[in-house]
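Next come the chains, spelled out residue by residue.
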Amino acid sequence: MKFGSRGAIRCAVGTLVVCLLAMGGARGQAGQAATEKPQMSEDAFKNIQVLRGISVDQFLGTMGFFAASLSLNCTDCHTSESGGSWARYADDTALKNTARRMVVMVNAINKADFGGERKVTCYTCHRGSQRPEITPSLAEQYGTPPPEDPDRVEILNANGANQPSADQILDKYLQALGGAAQVAKLTSFVAKGTYTGFDTDFAKVPVDVYAKAPGLRTTVVHTLAGDNTTTYDGKEAWVAAVDKPVPLMPLTGGDLEGARVDANLWFPARIKQDFSNWKSGFPAITINDKPVQVIEGTTAGGSAVKLYFDKDSGLLVRQVRYNNTIIGLTPTHVEYSDYRAVNGVKVPFHYTATWVDGQSTTDLSSVQANVNIDGARFTKPAPAVPKSTSASR
């Protein structure tokens, strides 16, 4: 099923977007120490022929890239039986074999014609269609061109013309939240609310959020099948989820950077220091018919993050970041709204995350600020156990 015109792809219930190579039943090594080498795709899954030597989270991100590039879902590339069995993702199909050849072809083009620099990806030709167009369209040539994607990485360079500096925009943001001094007093919070997403088949389920400065965050989604937990301990991050092919997945690369960004943004007192190389002066755009001001910063790991602030209120309304997968960049959006005062600081009670293989919406109902939180909440979680499995023991 397609979400929107050519947008995010919804997978079958209980699965992720896995649109190319084989998924096996291997679930070992999940208890490995966070400092050890993360589990590789060929160790976790069966019949991996091309995308070898990458971590499990990067492998799944790559599947999302395929899905977004071709507007396909899991069972389009795999078999219909794979929707209820991870092992059946190992079955070969004609589309999987074609995709393997395409990955080899794209790699060869980039190596031969662009000195090994990634200039061509699946999306270059497919643009959301399974079959690339080979004939020019006069309707497109003489029609109104589609609007420029304001988040596209190719237009990340600011022009700086007659616009506020990043410092000025951030100062206005802190003032809008309640003032820099008051924001600095927010040191922790515990929140409760509801969550909907692809992993719950869009059923509304309870969610708990635990956060502590500087940059600790754990989210527990209580799905009908079992708890899905995402934890960032200030250095490492993990996902323990019943809908993943491995019960405990360390986050690496861009996924780890994203977990750090999400945790830090909940405590914005140090937002200027948490990022570097701030830039402003991006083309003017609107979000929900409201003008926004855009700035870009760089994470400690060197990833670009764009932040969008309501021009009138000064509040953060969108975050955009990218994950550098083995075949191309994948975007993630987090949109914030429904700001409410908590201990004198405005906090977004509604946020929606969208990425290439999923979308989720969280609505908070209560937020308790500056409470004591057991440090165990931010340690490596136990592997996820489905409710049916735990009940049978």
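Because the structure is a prediction, the values reported are computed rather than measured.

Trainee: Break down helix H4 (residues 94-113) for me, with residues and values.
Mentor: In this model, H4 (20 residues) spans 28 Å end to end at C-alpha, consistent with the 28 Å of a helix rising 1.5 Å per residue. Those residues of H4 lying buried are Lys96, Ala99, Arg100, Val103, Val106 and Asn110. End-on view of H4: buried residues confined to an arc of 125°, all on one side of the axis. Pointing more than 90 degrees away from the buried face of H4 are the exposed residues Ala94, Arg101, Ala112 and Asp113. Where H4 is buried, its residues meet helix H2 (56-70) and helix H3 (74-77). Gly115 lies just past H4 and shows a positive phi near 60°.

Trainee: Let's hear about the pairing of strand S14 (residues 358-369): which residues, and what values?
Mentor: With 9 bridges connecting them, strand S1 (residues 188-197) and S14 associate as antiparallel partners. Among the inter-strand pairings, Ala191 is bridged to a residue of S14, identified as Val367. By the bridge criterion, 6 bridges tie strand S13 (residues 345-355) to S14 in an arrangement that is antiparallel. Bridge pairing in S14 links Thr352 to Thr361.

Trainee: Describe in detail empty space enclosed by the protein, supporting the description with residues and values.
Mentor: For the structure on display, the rule yields 2 cavities of 30 Å³ or more. Looking at the largest cavity, its volume works out to about 1,200 Å³. Forming the boundary of the largest cavity are 49 residues, of which Thr230, Val239, Asp262, Arg321 and Trp355 lie nearest the centre. Looking at the lining of the largest cavity element by element, the count peaks at 6 residues for helix H9 (residues 253-265). Among the residues making up the lining of the largest cavity, the classes are represented as 23 nonpolar, 17 polar and 9 charged. Put simply, the second largest cavity is a space of about 130 Å³. What lines the second largest cavity is a set of 14 residues, among which Tyr173, Leu265, Trp266, Pro268 and Pro348 lie closest to the centre. Looking at the lining of the second largest cavity, the elements with two or more residues in it are helix H7 (166-177), strand S12 (329-342) and S13. The dominant element in the lining of the second largest cavity, judged by the number of residues it contributes, is S13, at 4 residues. Residues belonging to the lining of the second largest cavity are distributed by class as follows: 13 nonpolar, no polar and 1 charged.

Trainee: Explain the environment of Ala241 to me, and be specific about the residues and the numbers.
Mentor: Within the secondary structure, Ala241 is located in the loop between strand S5 (237-240) and strand S6 (249-250). A residue is classified by how much of its surface remains accessible, and Ala241, at 2% relative accessible area, is buried. In this view, Ala241 contacts Asp227, Asn228, Val246, Pro247 and Ala384; residues no more than four positions away in its chain are not counted.

Trainee: Explain the pattern of salt bridges residue by residue, including any values.
Mentor: Considering all chains together, one arrives at 12 salt bridges under this definition. Here Arg100 makes a salt bridge to Asp92, at a shortest N to O gap of 2.9 Å. Overall, Arg100 belongs to the buried group, its relative accessible area being 5%. Each of Asp92, Lys96 and Arg100 takes part in salt bridges that share partners, so that together they form one network.

Thresholds applied
Residues numbered from 1 in each chain as written. Predicted model: local features only at pLDDT ≥ 70, side-chain atom pairs only at ≥ 80, totals over all residues. Heavy atoms only, no water. Helix = DSSP H or I, 4+ residues; strand = E, 2+ residues; numbered from the N terminus. Expected span 1.5 Å × (residues − 1). Buried < 20%, exposed > 50% of the residue type's maximum accessible area, 1.4 Å probe, protein only. Arc of directions from axis to C-beta. Contact = heavy atoms within 4.5 Å. Pairing = 2+ DSSP bridges. 1 Å grid on protein atoms, 1.4 Å probe; cavity = no way out; pocket = protein on both sides within 12 Å on 5 of 7 lines; lining within 4 Å. Points joined across faces, edges and corners; volume = space filled by probe spheres on them. Nonpolar A, V, L, I, M, F, W, Y, C, P; charged D, E, K, R; others polar. Salt bridge = Lys/Arg side-chain N within 4 Å of Asp/Glu carboxyl O.

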